[in-house]
Every structure is written in structure tokens, then in C-alpha cells.
Amino acid sequence: MKQIKKKICRQCGCKFKPRFKTTEIVCSIPCSIEYAKKQTKKKQDKKLKEINKDVRERKKALKTTSDYLKELQVVFNKWIRLRDEGLNCISCNKPPKKKNAGHYRSVGSCPELRFEPLNVHLQCEYCNTFQHGNLIPYRQNLIKKIGISSVEWLESNHEPKHYSKPELIILKEEYKEKIKNLTK
Ligand SMILES: [Zn+2]
Ligand SMILES: [Zn+2]
């Protein structure tokens, strides 16, 4: 009889001699069942991955400029809180229990300055939310922090700003990078 070359079972890794066909890839029936199961699972996982990717892409396509603005604001505000880490609340000058990033000129009244670093500072939640920004002491302390000319610049009129989606995505990435650098 011709010497049959031993093969390596794709399921269990043992060396085996093919009994019927030289194309056999597994050593036994149990191994062939397990191997088939594994192949089915692989196919399903691949399909699932494709579906998930599709869902992600559809979601991305549905995102509006306003969604991107909100996402950037979250990241920008986080960066402000880290930039001002260790400082007191810009308004009441106490260590903030709950840290907020407080806009001097609010997003609603002056959207042009919503991502202006000079316009946003660490503030306690009490001053930011319940005192509506507590703006009188905010102004006094802001003058001390950034100087009267910068405060007057913030208080002047600003050109309307229109961000495109790619611009907002890039800005978000930039602030994420800044956060990374501050938390290193
Ligand atoms: Zn086997
Ligand atoms: Zn405060």
C-alpha cells in the first residue's frame, strides 16, 4: 500500500492519516462537527460586523450640524475644566463642588463665542446654573484673569460664525488631543 502522508487536523491540531480522501482536513467526526460550527460562527461574526458598520455610517450621515456643535461643546467644556483645574469658581471664588465650564457671554446670546477660550472659565454649578452665570462677580474676576481689554473685546460685537460639519469634526479632534496632552 502506498504510504499516505500525515496531515494536521484544522480543529484539534493532531497529526492524522486521511482515511477516505486526501482532501480531508480534520481527523474525526467530532472534529468535523466542531470545525463546521466554527466556520458558521466566523461567517455570522463577519456579517454582524458589516451590519454594525453600516448602522454606524447611516447614523453618521443622519447627524446634523447642531449635533456636531453639541458634541464639540461637550469636548470643549471638558477641556476648559481641565485647563482651569485647581482654580476657584470664576464668580464666587470658592473651590467648585461641581465643576462646570461657564460661558461669560452665553451660548444663546452670543453663539459666536461659544468656543472662545477667553469666554469660558471654570465655574461652580451653583453660579452657572442657579445664579444664571453670576455675571457681576464673573466680570470682576475675569478682568483680573484676562485683563480689561480682553473683557471689552468679549463684550463687543462679533462676526457671525458658521461652522461646516468637517470643521466641527476637526475642532473636536483638536480639543480631544488637547485634553489628552493635559491628562498625560
Ligand atoms: Zn482533530
Ligand atoms: Zn461659584
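Above: the structure in question.
Per-chain numbering applies: the sequence of each chain, read as written, is numbered from 1 onward. Working convention: letters from A go to chains and numbers from 1 go to ligands, in the order in which they are written. Residue-level local features of this predicted model are given only where pLDDT is at least 70; pairs of side-chain atoms are given and counted only at 80 or more, and the full residue set underlies all totals for whole chains, interfaces and linings. Think of the side-chain values as coming from all heavy atoms in the structure, minus any hydrogens and water.

## Some thoughts on the overall build of the protein chain
Secondary structure elements are defined from DSSP: runs of H or I of at least 4 residues count as helices, runs of E of at least 2 residues count as strands, and each element is numbered from the N terminus. Across its full length, the protein chain carries six helices and four strands. Shown N-terminal to C-terminal, the secondary structure of the protein chain runs as helices and strands in the order β-β-α-α-β-β-α-α-α-α. Computation of the radius of gyration draws on C-alpha atoms, with the globule rule given as 2.2 Å multiplied by the number of residues to the power 0.38. Relative to the globule expectation of 16 Å for 184 residues, the C-alpha radius of gyration of the protein chain, 30 Å, shows a markedly less compact shape. By its C-alpha atoms, the protein chain is 100 × 35 × 25 Å across when sized along the principal axes. Expressed as a percentage of the 184 residues in the protein chain, the buried residues total 30%. Two residues form a contact once any of their heavy atoms are found within 4.5 Å. Taking all contacts inside the protein chain whose residues are at least 6 apart in sequence as the whole, residues at least 24 apart take part in 59%. With a 1.4 Å probe rolled over the protein chains alone, any residue whose accessible area is under 20% of its type maximum counts as buried; one over 50% counts as exposed, and the rest are partly exposed.

## Looking at the coordination of the zinc ion (ligand 2)
Summarising the metal site, the zinc ion (ligand 2) is bound by the protein donors Cys89 (SG), Cys92 (SG), Cys124 (SG) and Cys127 (SG), whose distances to it range over 2.3 Å. Around the zinc ion (ligand 2), the four donor atoms sit at angles spanning 102 to 115 degrees, and that spread fits a shape best called tetrahedral. Donor criterion used throughout: N, O or S atom within 2.8 Å of the metal, extended to 3.2 Å for Na, K and Ca. Water excluded; incomplete-looking sites may result. Along the chain, the residues donating to the zinc ion (ligand 2) are arranged with the sequence spacing C-x2-C-x31-C-x2-C. Of this pair, cysteine 92 sits in the loop between helix H2 (65-83) and strand E3 (99-103) while cysteine 127 sits in helix H3 (residues 125-130), placing them 35 residues apart in sequence. Under the relative-accessibility criterion, cysteine 92 is labelled partly exposed at 27%. Tetrahedral means four donors with every angle between 85 and 135 degrees, whereas square planar (four donors) and octahedral (six donors) require angles over 155 degrees between opposite donors and between 65 and 115 for all others; sites fitting neither are termed irregular.

## Some thoughts on the pairing of E3
When you tally the buried positions in E3, you get four out of five residues, the bulk of the element. Following DSSP output, two strands are said to pair if at least two bridges run between them. One ladder, built from five bridges, connects E3 with strand E4 (residues 120-124); its direction is antiparallel. In the sheet register, lysine 99 faces E4, and the bridge partner there is cysteine 124.

## Section: the nonpolar core
Only buried Ala, Val, Leu, Ile, Met, Phe, Trp, Tyr and Cys residues count toward a nonpolar core, and they belong to the same one when joined by side-chain atoms within 4.5 Å. Counting 14 residues, the largest nonpolar core has Phe76, Trp79, Ile80, Phe115, Leu168 and Tyr175 as its most contacted members. Among the elements that take part in this core, H2 stands out by supplying seven residues, more than any other. Contact partners of tyrosine 175, with chain neighbours within four places excluded, come to Leu72, Val75, Phe76, Trp79, Phe115 and Pro117. In terms of nonpolar packing, the next biggest core, distinct from the first, is built from nine residues, Ile90, Cys110, Val151 and Leu154 among them.

## What about the packing of helix H4 (residues 135-146) against helix H5 (residues 148-155)?
Put simply, H4 and H5 touch, their axes get as near as 7 Å, and they point 125 degrees apart. Judged by the inter-axis angle, H4 sits oblique to H5. Residues Arg139, Leu142, Ile143 and Ile146 of H4 lie in contact with H5, whose contacting residues are Ile148, Ser150, Val151, Leu154 and Glu155. Its residues assigned to classes, the contact of H4 with H5 comprises six nonpolar, one polar and two charged. In this analysis, axes come from line fits to C-alpha atoms, helices being fitted only over the stretch in contact, and the angle between any two N-to-C directions falls in the range 0 to 180 degrees. Small angles under 35 degrees read as roughly parallel and large ones over 145 as roughly antiparallel, with 65 to 115 read as roughly perpendicular and the rest as oblique. Only Asp, Glu, Lys and Arg are considered charged in this grouping, and only Ala, Val, Leu, Ile, Met, Phe, Trp, Tyr, Cys and Pro are considered nonpolar; every other residue, Gly among them, is considered polar.

## Side note on the packing of H2 against helix H6 (residues 165-183)
Where H2 meets H6, the axes come as close as 9 Å, and the angle between the chain directions of the two elements is 20 degrees. Between H2 and H6, the crossing angle belongs to the class labelled roughly parallel. Classified by chirality, the crossing of H6 by H2 is left-handed. Taking contact as the criterion, the partners of Thr65, Tyr68, Leu69, Glu71, Leu72, Val75, Phe76, Lys78, Trp79, Leu82 and Arg83 in H2 are, on H6, Lys165, Leu168, Ile169, Leu171, Lys172, Tyr175, Lys176, Lys178, Ile179, Leu182 and Thr183. Considering only residue class, the contact of H2 with H6 consists of 13 nonpolar, two polar and seven charged. Handedness of a crossing follows from how the near helix is turned relative to the far one, being left-handed for an anticlockwise turn of less than a right angle and right-handed for a clockwise one.

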